[in-house]
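Structure at a glance
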Amino acid sequence: MKRTITKENPYKICFVCLGNICRSPTAEGIFQHLVNKRGLQPYFFVDSAGTSAYHIGEPANSKSQWVANQQGVKLHSKARRFNAADLEEFDLILAMDSENYTNIKRLDRDGLFTEKIKMMREFGPQPDEMDVPDPYYGGMDGFQNVFDVLMRSSVNLLDELEGMIEGEV
Ligand code: 4NP
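Residues numbered from 1 in each chain as written. Predicted model: local features only at pLDDT ≥ 70, side-chain atom pairs only at ≥ 80, totals over all residues. Heavy atoms only, no water.

**A short note on the sheet that holds strand β3 (residues 92–95)**
Under the convention used in this document: In this description, strands pair whenever DSSP reports at least two bridges between them. Each helix is a run of H or I in the DSSP string that is no shorter than four residues. Each strand is a run of E no shorter than two, and both are numbered from the N terminus. With axes taken as lines fitted to C-alpha atoms, and helix axes fitted only over the stretch in contact, angles between N-to-C directions fall between 0 and 180 degrees.
Pairing in this open sheet of four strands is parallel, and the strands run β2-β1-β3-β4 from one edge to the other. The two strands at the open ends of the sheet, each matched to only one other strand, are β2 (44–50) and β4 (117–119). Sheet twist, expressed as the average angle between the axes of neighbouring strands with direction ignored, equals 25°. One ladder, built from seven bridges, connects strand β1 (residues 11–17) with β2; its direction is parallel.

**Section: the packing of helix α1 (residues 23–37) against helix α5 (residues 140–162)**
What counts here: Note on angle classes: values under 35 degrees are labelled roughly parallel, values over 145 roughly antiparallel, values of 65 to 115 roughly perpendicular, and the remainder oblique. Two helices that cross are described as forming a left-handed crossing if the nearer one is turned anticlockwise from the farther one by less than a right angle, and a right-handed crossing if clockwise. In what follows, a contact means two residues having at least one pair of non-hydrogen atoms within 4.5 Å. Under the grouping applied here, Gly and all other residues not named as nonpolar or charged are polar, the nonpolar ones being Ala, Val, Leu, Ile, Met, Phe, Trp, Tyr, Cys and Pro and the charged ones Asp, Glu, Lys and Arg.
Viewed as axis vectors pointing N to C, α1 and α5 meet at an angle of 45°, and their least axial separation amounts to 9 Å. Compared by their axis directions, α1 and α5 come out oblique. Taken as a pair, α1 and α5 cross one another with a handedness that is right-handed. Contacts between α1 and α5 pair Arg23, Thr26, Ala27, Ile30, Phe31, Leu34 and Val35 from the former with Val146, Phe147, Leu150, Met151, Ser154, Val155, Leu157, Leu158 and Leu161 from the latter. Of the residues that constitute the contact of α1 with α5, the class distribution is 13 nonpolar, two polar and one charged.

**Structural notes on the pairing of β3**
Note the cut-off: The buried label applies to any residue whose accessible area, calculated with a 1.4 Å probe on protein chains only, is under 20% of its type's maximum; exposed applies above 50%, and partly exposed to all values in between. Orient the strands so they point away from the viewer; a crossover is then right-handed if the path from the first strand over the helix to the second runs clockwise.
The two faces of β3 match: Leu92 and Leu94 on one face and Ile93 and Ala95 on the other face are all buried. Here β3 pairs with β4 via three bridges, running parallel. What sits directly across from Ala95, in β4, is Met119. Regarding the hand of the β-α-β motif, the stretch spanning β3, helix α4 (residues 98–107) and β4 is right-handed.

**Details of empty space enclosed by the protein**
Applicable threshold: Buriedness for pockets is judged along seven lines, at least five of which must meet protein on both sides within 12 Å for an open set on the 1 Å grid over protein atoms alone, while cavities are sets there where a 1.4 Å probe fits but cannot get out, and lining residues have an atom within 4 Å of a point. Grid points are joined across faces, edges and corners, and a volume is the space filled by probe spheres set on the points.
Under the criterion given, the structure shown has two cavities of 30 Å³ or more. The residue inventory of the lining of the largest cavity, partitioned by class, reads two nonpolar, three polar and two charged. One number sums up the size of the second largest cavity: a volume of about 40 Å³. As for the second largest cavity, its lining consists of Cys22, Thr26, Ser64, Val67, Ala68, Pro135, Phe143, Val146 and Phe147. Tallied by class, the residues present in the lining of the second largest cavity amount to seven nonpolar, two polar and no charged.

**Looking at the site of the ligand**
As a reminder, the rule being used: Whether a residue is near a molecule or strand depends on its heavy atoms: if one lies within 4 Å, it is near. Polar contact criterion, stated in full: a pair of N or O atoms within 3.5 Å, where within protein one must be able to donate a hydrogen and the other to accept it, and residues adjacent in sequence count only if both atoms are side-chain atoms. Accessible areas in this description were obtained via Shrake-Rupley with a 1.4 Å probe; residue shielding takes into account the shown protein chains only.
If you check the shell around the ligand, you find Cys17, Leu18, Gly19, Asn20, Ile21, Cys22, Arg23, Tyr54, His55, Asp134, Tyr136 and Tyr137 and nothing else. One nitrogen or oxygen atom from the main chain of Leu18 is found 2.9 Å from an oxygen atom belonging to the ligand. In the environment of the ligand, an oxygen atom lies 3.3 Å from a nitrogen or oxygen atom belonging to the backbone of Asn20. Protein chains bury 93% of the 350 Å² of accessible surface belonging to the ligand in isolation. Partitioned by chemical class, the residues of the shell around the ligand number seven nonpolar, three polar and two charged.

Below is the structure:
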């Protein structure tokens, strides 16, 4: 994931979960929100995708949207399926849980992209907790927990990436 980030060569991140309607849209929205707050828009391209086809074309789950909106974060995603071309396209691919990670790695048949596929919680305060829990079948507190986990990891991630930006910001 180490390279110089410039306006000419922005850093591309894809957050990935199963359905692309709860966790990864929330991660995408939070990360873009932090990028905007720091005035770093020209340096990043932020996207999300799901490893399944269950919800293609759908906006983020209404509970995910509600929790995010409470914190001033807008979720603009439209669900799409993660595909092999994304392995080439993005600099960093962040899986929300170990099942997503396994499914992404399965697309990387020759192991060419291992370096850029990581777990989101690697960047959290408790890196031994590997998974962002799937909130889909649970209540609002699960969605709130997902938001909080993703906010902490996203702040750390952006702190790290901001250090790779070249020149004056
Ligand atoms: P996500 O949550 O992976 O965070 O978007 C889920 C969304 C849908 C399903 C499971 C998890 N589903 O089984 O349809």
